[in-house]
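Results of the structural survey
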Amino acid sequence: MDIERLKFPIGEYIPNKSPNETLLQQWIEDIELFPTRVEDLIKDISSEKLSWKYRPNAWMVKQVIHHCADSHMNSIIRFKLALTEKKPTIRPYYEDRWADLNDSLTDEINESLTLLKGLHKKWIRLLKNLTKEQLKIEFVHPENARVFNLAENIGIYSWHCNHHLAHIKNGINSMGKYIKNFVQTPSKIKRRSSCDY
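Below, the structure is looked at part by part. (Residues numbered from 1 in each chain as written. Predicted model: local features only at pLDDT ≥ 70, side-chain atom pairs only at ≥ 80, totals over all residues. Heavy atoms only, no water.)

1. Some words on the nonpolar core
Rules: As used here, the term nonpolar core means buried Ala, Val, Leu, Ile, Met, Phe, Trp, Tyr and Cys residues forming a set that is joined through side-chain atoms within 4.5 Å. When accessible area is computed with a 1.4 Å probe and restricted to protein chains, residues below 20% of their type maximum are described as buried, those above 50% as exposed, and intermediate ones as partly exposed. Helix numbering and strand numbering both begin at the N terminus, where a helix is a DSSP run of H or I of at least 4 residues and a strand a DSSP run of E of at least 2. Only heavy atoms enter the contact rule, under which two residues are in contact if any of them lie within 4.5 Å.
In this structure, Ile31, Val38, Ile42, Leu127, Ile154 and Ile168 are the most contacted members of the largest nonpolar core, which totals 42 residues. Elements with a contribution of two residues or more to this core: helix H2 (21–42), helix H4 (61–84), helix H6 (109–128) and helix H8 (150–173). Ranked by residues supplied to this core, first place goes to H8 with nine residues. The contact partners of Val38, leaving out residues within four places of it in the chain, are Ile65, Leu113, Leu165 and Ile168.

Below, the structure is given as structure tokens:
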């Protein structure tokens, strides 16, 4: 079993601070189509399949979907902070702990899907109207004091969408084989920002 391939089915994110126009538009399209692509994958999905995992010791399919709603809410806020403040330091969060909260453990995935649909429409309106100067605007992630510009951040969330689409698809196709391998462990203290679940 190749755990790294199960963790990163489309590969790890490769930083790109200066995408060309064609790539940037592809990234924006990936973000725009994400809610529809999720909806297509989970159409008529059973509760049993929602509890399947895409690898041992990973999130369930439903947790991945709820995580995307949480993550993308945080992302649009980061864009807005960067656009309205001078090189702000954004607020990270413990995504693994959020995924253990009861709103991320429910089978009611339509709540997060509805949120994603509205959020992505708003987000895409913002992204499609960014100027070349705005794409260069930066914010600071406090872990390792890493600096991101908005163009790169669009790429990160294009990757994030496709990364978790692959997780959802793999979880559904797993036939539940990773459930028995799951061992509950306490949430880690370190924030997990690489989405390697």
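After that view, the rundown keeps rolling.
2. Re empty space enclosed by the protein
Which entries qualify depends on this criterion: Method remark: on a 1 Å grid restricted to protein atoms, a set of points is classed as a cavity if a 1.4 Å probe fits but cannot get out and as a pocket if it is open with protein on both sides within 12 Å along at least five of seven lines; lining residues have an atom within 4 Å of a point. Grid points are joined across faces, edges and corners, and a volume is the space filled by probe spheres set on the points. By the convention adopted, Pro, Cys, Tyr, Trp, Phe, Met, Ile, Leu, Val and Ala count as nonpolar, Lys, Arg, Asp and Glu as charged, and the other residues, Gly among them, as polar.
Throughout the structure, instances matching the rule amount to one cavity of 30 Å³ or more. Around the largest cavity, the lining residues are His67, Asp70, Tyr93, Glu95, Trp98, Ala99 and Ser104. Going through the elements one at a time, H4 and helix H5 (95–98) are the ones with two or more residues in the lining of the largest cavity. In the lining of the largest cavity, the residues fall into three nonpolar, two polar and two charged.

3. Overview of the pattern of salt bridges
Quick reminder of the rule: Salt bridges, as used here, are contacts in which a Lys or Arg side-chain nitrogen is within 4 Å of a carboxyl oxygen on Asp or Glu.
Counted by the stated rule, this structure contains eight salt bridges. As a salt-bridge pair, Lys17 and Glu152 come within 2.8 Å of each other at their nearest N and O atoms. On the criterion of sequence distance, the pair formed by Lys17 in the loop between helix H1 (3–7) and H2 and Glu152 in helix H8 is long-range, its members being 135 residues apart. Residue Lys17 is classed as partly exposed on the basis of its relative accessible area of 39%.

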